[in-house]
Amino acid sequence: MNLYLLLIIFIPLCGSFFTLCTKNDRSYNTNNVYNVSIWTLSVNTSVILYVFSLFDIEKQGIQIIEKYSWLKYPPIDLLLGADIFSMLLILSVNLSFLIAEIFMDKKIERSKTLIASELLFVSFINGYFVAADIISFYIFFASVSAPLIILISSYANISKKNILVRFSLYNIIGAMLLLVSIIIIYLHKKNNIPLNTAGNVNIGGGLEYFIWFSIFLAFISRLPIWPFHYWISAINSSIKNPLVFLISNLIPLMGLYGFIRFWPNSVPQTISMYVPIFEVICVVTMLFISLISLINKDMKYKLFAYTTVYYLLYLIGIFMPTNVLRQNIGYSLFSYIVIITILSFLISHVDNQKKKMDMYSSAGILCYFPRTSKCLSLFILASIGLPITPLFWNNFIIISEIFNYNLILGVFVMLPIVIVGVSLLEELYKQKDKAYATSSSITGSDLSNTNFIICITCLIGLLFSFFKPLWFVF
Amino acid sequence: MLNKILYALPEISLLIGIIHLLFLHLLSNETPKVYTKTARIWLLISLFFSILFYNKSFNPTYFENTSYTLLFKCLIAFFSYIMLILSSSWFSVENKTGCRYLILVLSSIIISNLLLSTINIVILMLGYTLLSYINYRLLDISYDKYPSEVGPRYIGTSSIIIILMFLGFSYIFFYNNVMDYLEIKQLIASSHNNFLLYISIVLMVIPFLYSLGLAPFHLLAEDKVGKSILPVSHYFALITPFIFWAVIIKLNVMFISSYNDILSSAFKVIAIMSVIFGATGANARINLHRIYAYGSMYHFGIIILLLSYFNIASNFNAFMYLLLYMLALNGIYAVFYNLKSHGDFFSSLTSLSGISQTKPYTTRAMLISIFSLIALPPFAGFLAEFGMINELLKEKSYTYLALVLFFFLVLAKSYLEIIKTAYFEQKIKKFDTENKSTLFITLLSTILIVAISFNPFNIIEKIKDMFDVIYL
């Protein structure tokens, strides 16, 4: 029996445990925890790449399945399964955290908590992506809240004390709704059913409405869509640590993935008539956030607006009455996650230098740091659709499909995409503009050689993906 | 005769333990560690004999030991053992021997063994009365640190409750001349419409609901854990609930279920009241012990709600809910023993301010226990929540489910406030270094909370097998 999928969950979990067991930061080498995490993520990434090699890339659907007996009363067996789409997401998340570990400033307070929670998050999110039955799917969906609460408690801005309570309550409500729906399905089918058959459950009556609306709300609670938009934007604006910022930016990915997995073929008939209303809400949220990003001067907020708009674009793509987009969304998400990881660290680096140089604004700051400037420019261009990454090609297909489905919807989806793009470029231009640069005191430091090489390597990797999305599979 | 003595060894060994402690107290002046160690050794010996003679009893007319009773005896012994280790550190810090406390705890365990095994309402009545007296003596331990007005209030209200219980008992015993559980069941079957019999049964159950602090009998529930010293609070939060729930579940299966058509609604009303009062009360308190006391009221409300369905599956789910909740609460109490500053143990919510900066391990342990209480997987509390929702949906009790979940959110808010205080507030106290044994117990409790949800060695099925013996 294969244990690869279990291994992908278990390795970061062990890493998290070992991180907690490393010698105390204050008295010993601070690199201990980082070494553990880098090794853990490297080993896990290797296992993921090996699992990819077992796949037939021409084939659709789940290709590896593992079954584990859990409870006899009530009878529950857990099913893990992976297809190319889920493996792509796992690879991108693990790669992102590996890049983040290398990029990170090693002198952070409470690094043990940070790294252990990060690895726990990676373990649970890997589990979420390979969960192939409704109960294990719920377990991983809800369990991610634990490391998130720890990280947000430890690293969110101290002035926003109520964020934690709100964030946790939103998460608990979402998880609770999903749990109730899943148990109703479990009782109806008298068994734990595979995830891809959940969309075809026919219960009938008000209960079916309740199930789908609960599932819908559960996933929406992880996406920054009205009325759940507040907590995620409040958290993002209060987090200074780039790793925690990255993690909070990955929360919507869970909602998105939930929609993809629960409705693999089409939106269940029960709620299909409400899809246009939902699309309008998505578009309004996209427009609203993109316009705010245009006004807001904070580059981190602009990045958050960018990620939100793109997540919503993928969400609208999922709701299109076609099956062909799923693979495109997978390829696009792969580059998208890598790009936002590097962007969040580059933006953090610029912010730190701004603080070091005691600058009021970051205008012209990139003139002091040529390597940072190059990397930031390339990655911002890549993020908004420079045709060197699969993001360009796959997003093009998704947007074309939306236009094909509804012209007005297409126009309103395109508009916020353009606005966030302009907003990012405008800020980049300001930061690169020599007119603002003052060479009086250059106390900051440019991107280190290692980080620069990583940025370039990632860019080359993404370029390969542009020509062949699964170039790393042999 | 020898057989009877052998089968009574679990209780005899605890009695010897009490005498041993008394001798130690009279003849030498030992440290609290020696006293607690003595109590723990005798507790283990008692447990050993309980396991050895798990299905034997020294008087089969009045007592019946089964796997069900063994299950609860093991749980009570396990949680008591942990409590004794932790209390040792408290008594050491306070410079007290703790002998009286230990003697009372061992006495309480003897009574609990008898209450669990008995199949006779005379023993039930006497056992409950004795246990109430022991609880009163425990509440009386204050070392002049806290105003001990709880003790007199407790004995006052308990007396009224015991009188009510006696009235119920009198009707069943003197009027109908019945005292065996099975005979009562037959009596109910033959005169189901007898209103006085129904009232008598209700009067026999109310004392247990009162002792568990379920609404509207929650008069002293928060004071018992909120105003007493930490080891006594620990005892009331973890040990007594096990004793009383074990008895209620047994009575439920043995004869209360005969009135399921009428009592089901009464149980549901009590459950919903407890859920509402528990969740809202927890949000209105700033003392940690009181917050958890109200939390217990909420969780016990759910247990009684599950018991109100009077079926095998819901009874087991109620038991599992109790067990998993107690595991989480055990973790919380282990943390309480680490919360001290300049030798003073504290219990106010604000005292937790900034604890995450100075006590990362204790804070993490507390977080894990809270995660379990708010039913986040992969912690033990998730299994309890899963079982509860599963049962309510099976019974199509959608309104109850909606109410329970809504107030669960309200309760969760109070738990999240604790996390918020620990992480976001500025440090206002310098915390003392943790005792090694309390740290070990904290770690053990945390591991248990995580491990049980993985169902190692099919432990849940084994527990179910032991529990289901009650139906034989």
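Predicted, not measured: the structure shown is a model, and the values here were computed from it.

Cut-off values and rules
- Residues numbered from 1 in each chain as written.
- Chains lettered and ligands numbered in written order.
- Predicted model: local features only at pLDDT ≥ 70, side-chain atom pairs only at ≥ 80, totals over all residues.
- Helix = DSSP H or I, 4+ residues; strand = E, 2+ residues; numbered from the N terminus.
- Rg over C-alpha atoms; globule rule 2.2 N^0.38 Å.
- Contact = placed C-beta atoms within 7 Å.
- Buried ≥ 20, exposed ≤ 12 C-beta atoms within 10 Å, placed from the backbone.
- Nonpolar A, V, L, I, M, F, W, Y, C, P; charged D, E, K, R; others polar.
- Expected span 1.5 Å × (residues − 1).
- Pairing = 2+ DSSP bridges.
- Domains from an automatic or database assignment.
- pLDDT = per-residue confidence, 0-100.
- Axes fitted to C-alpha atoms, helices over the stretch in contact; angles between N-to-C directions.
- Left-handed = near helix turned anticlockwise from the far one by under 90°.
- Parallel < 35°, antiparallel > 145°, perpendicular 65-115°, else oblique.

A word on the overall build of chain A. Across its full length, chain A holds 18 helices and 2 strands. Its C-alpha radius of gyration of 22 Å places chain A within 12% of the 23 Å reference for a compact globule of 474 residues. For chain A, the C-alpha atoms occupy an extent of roughly 75 × 55 × 50 Å along the three principal directions. Taking all contacts inside chain A whose residues are at least 6 apart in sequence as the whole, residues at least 24 apart take part in 79%.

Let's shift gears to the overall build of chain B. Helix and strand counts for chain B come out as 20 helices and 2 strands. Here chain B has a C-alpha radius of gyration of 22 Å; the compact-globule value for 472 residues is 23 Å, and the two agree. Considered along the principal axes of its C-alpha atoms, chain B spans approximately 65 × 60 × 45 Å. Across the 472 residues that make up chain B, the buried fraction comes to 56%. Look at the contacts in chain B between residues 6 or more apart in sequence, and 79% of them connect residues 24 or more apart.

Looking now at the interface of chain A and chain B. At the junction of the two partners, chain A supplies 29 residues and chain B supplies 27 residues. Elements with a minimum of two residues in the side of chain A that touches chain B: strand 1 (64–71), helix 5 (134–143), helix 6 (145–155) and helix 7 (162–189) of chain A. It is helix 7 of chain A that provides the largest number of residues to the side of chain A that touches chain B, a total of 12 residues. Of the residues in the side of chain A that touches chain B, the class split is 21 nonpolar, 6 polar and 2 charged.

Our next topic: unusual backbone geometry. All names here are of chain B. The step from Ala215 to Pro216 runs through a cis peptide bond, and the omega angle for that step is 5°. The residue Pro216 is located in the loop between helix 9 (195–212) and helix 10 (221–226) in this model. Following Pro377, the chain continues into Pro378 via a peptide bond in cis, with omega recorded as 5°. Its location among the elements puts Pro378 in the loop between helix 16 (360–373) and helix 17 (380–394).

Attention shifts here to helix 6 (residues 121–139) of chain B. All names here are of chain B. When the terminal C-alpha atoms of helix 6 are compared, their 26 Å separation across 19 residues agrees well with the 27 Å that a helix rising 1.5 Å per residue should span. Within helix 6, the full set of buried residues consists of Ile121, Leu124, Met125, Gly127, Tyr128, Leu131, Ser132, Ile134, Asn135, Leu138 and Leu139. Elements that come into contact with the buried residues of helix 6 comprise helix 5 (99–117), helix 7 (150–175), helix 9, helix 10 and helix 11 (230–254).

The next point concerns the pairing of strand 1 of chain A. All names here are of chain A. The sheet contact formed by strand 1 and strand 2 (residues 76–82) spans 7 bridges and is antiparallel. Residue Lys67 lies in a different strand from strand 2, and its bridge partner there is Leu79. With antiparallel pairing between neighbouring strands as the criterion, strand 1 and strand 2 make up a hairpin whose turn holds 4 residues.

This part is about the domain arrangement of chain A. All names here are of chain A. Domains assigned within chain A are domain 1 (1–132), domain 2 (137–239) and domain 3 (274–474). Each of domain 1 and domain 2 has a C-alpha centre, and the two are 21 Å apart. With 14 residues of domain 1 at the contact, the number on the domain 2 side is 13 residues. Going through the elements one at a time, strand 2 and helix 4 (111–130) are the ones with two or more residues in the side of domain 1 that touches domain 2. When residues in the side of domain 1 that touches domain 2 are grouped by element, the largest group, 8 residues, is from helix 4. Within the side of domain 1 that touches domain 2, the residues separate by chemical class into 9 nonpolar, 3 polar and 2 charged.

As a further point, take the confidence of the model for chain A. Of all residues in chain A, 93% attain a pLDDT of 70 or more, and the chain-wide mean is 84. At the low end of the mean pLDDT range in chain A sits helix 11 (residues 269–272) of chain A, at 70; at the high end sits helix 5 of chain A, at 93.

Let's shift gears to the packing of helix 7 of chain A against helix 18 (residues 398–424) of chain B. Two packed helices can be described by the angle between their axes and the distance between those axes. The contact between helix 7 of chain A and helix 18 of chain B brings their axes to 9 Å, and the two run at 145°. Remark: the crossing between helix 7 of chain A and helix 18 of chain B carries right-handed chirality. Residue-level inspection shows Leu164(A), Val165(A), Ser168(A), Leu169(A), Ile172(A), Ile173(A) and Met176(A) of helix 7 of chain A in contact with helix 18 of chain B, the latter providing Leu405(B), Leu409(B), Ala412(B), Lys413(B), Leu416(B), Glu417(B), Ile419(B), Lys420(B) and Phe424(B). Each residue belonging to the contact of helix 7 of chain A with helix 18 of chain B can be placed in one class, and the counts come to 12 nonpolar, 1 polar and 3 charged.

Turning our eyes to something else, we now look at the packing of helix 12 (residues 275–295) of chain A against helix 13 (residues 299–318) of chain A. Residue and element names in this part refer to chain A. At a minimum axis separation of 9 Å, helix 12 and helix 13 run at an interaxial angle of 160°. The pairing of helix 12 with helix 13 is recorded here as roughly antiparallel in orientation. Between helix 12 and helix 13 lies a crossing whose hand is left-handed. Across from Glu279, Cys282, Thr285, Met286, Ile289, Ser290, Ile292 and Ser293 in helix 12, the residues of helix 13 making contact are Tyr301, Lys302, Ala305, Thr308, Val309, Leu312, Leu315 and Ile316. Broken down by class, the residue content of the contact of helix 12 with helix 13 amounts to 10 nonpolar, 4 polar and 2 charged.

Attention now goes to helix 13 of chain A. Taking 1.5 Å of rise per residue, 20 residues should cover 28 Å, and helix 13 of chain A covers 29 Å from first to last C-alpha, within 8% of that figure. Along helix 13 of chain A, 18 of the 20 residues are buried, which leaves the element largely enclosed by surrounding structure.

Within the element layout of this structure, Asp223(B) appears in helix 10. Along the chain, Asp223(B) and Val150(B) lie 73 residues apart, while their C-alpha atoms are 6.7 Å from each other.

Here we come to the confidence of the model for chain B. Residues and elements named next belong to chain B. The share of residues in chain B with pLDDT of 70 or more is 99%, and the mean pLDDT across the chain is 89. Confidence, expressed as mean pLDDT per element, reaches its minimum in chain B at helix 10 with 79 and its maximum at helix 5 with 94. The ipTM for the predicted assembly is 0.90, set against a pTM of 0.91.

What follows covers the environment of Phe141(A). Positionally, Phe141(A) belongs in helix 5. Along the backbone, Phe141(A) and Ala363(A) are 222 residues apart, and their C-alpha atoms lie at a distance of 41 Å.

Turning our eyes to something else, we now look at the environment of Leu54(A). Among the structural elements, Leu54(A) can be located in the loop between helix 2 (31–53) and strand 1. In this structure the C-alpha to C-alpha distance between Leu54(A) and Phe474(A), which are 420 residues apart in sequence, comes to 9.1 Å.

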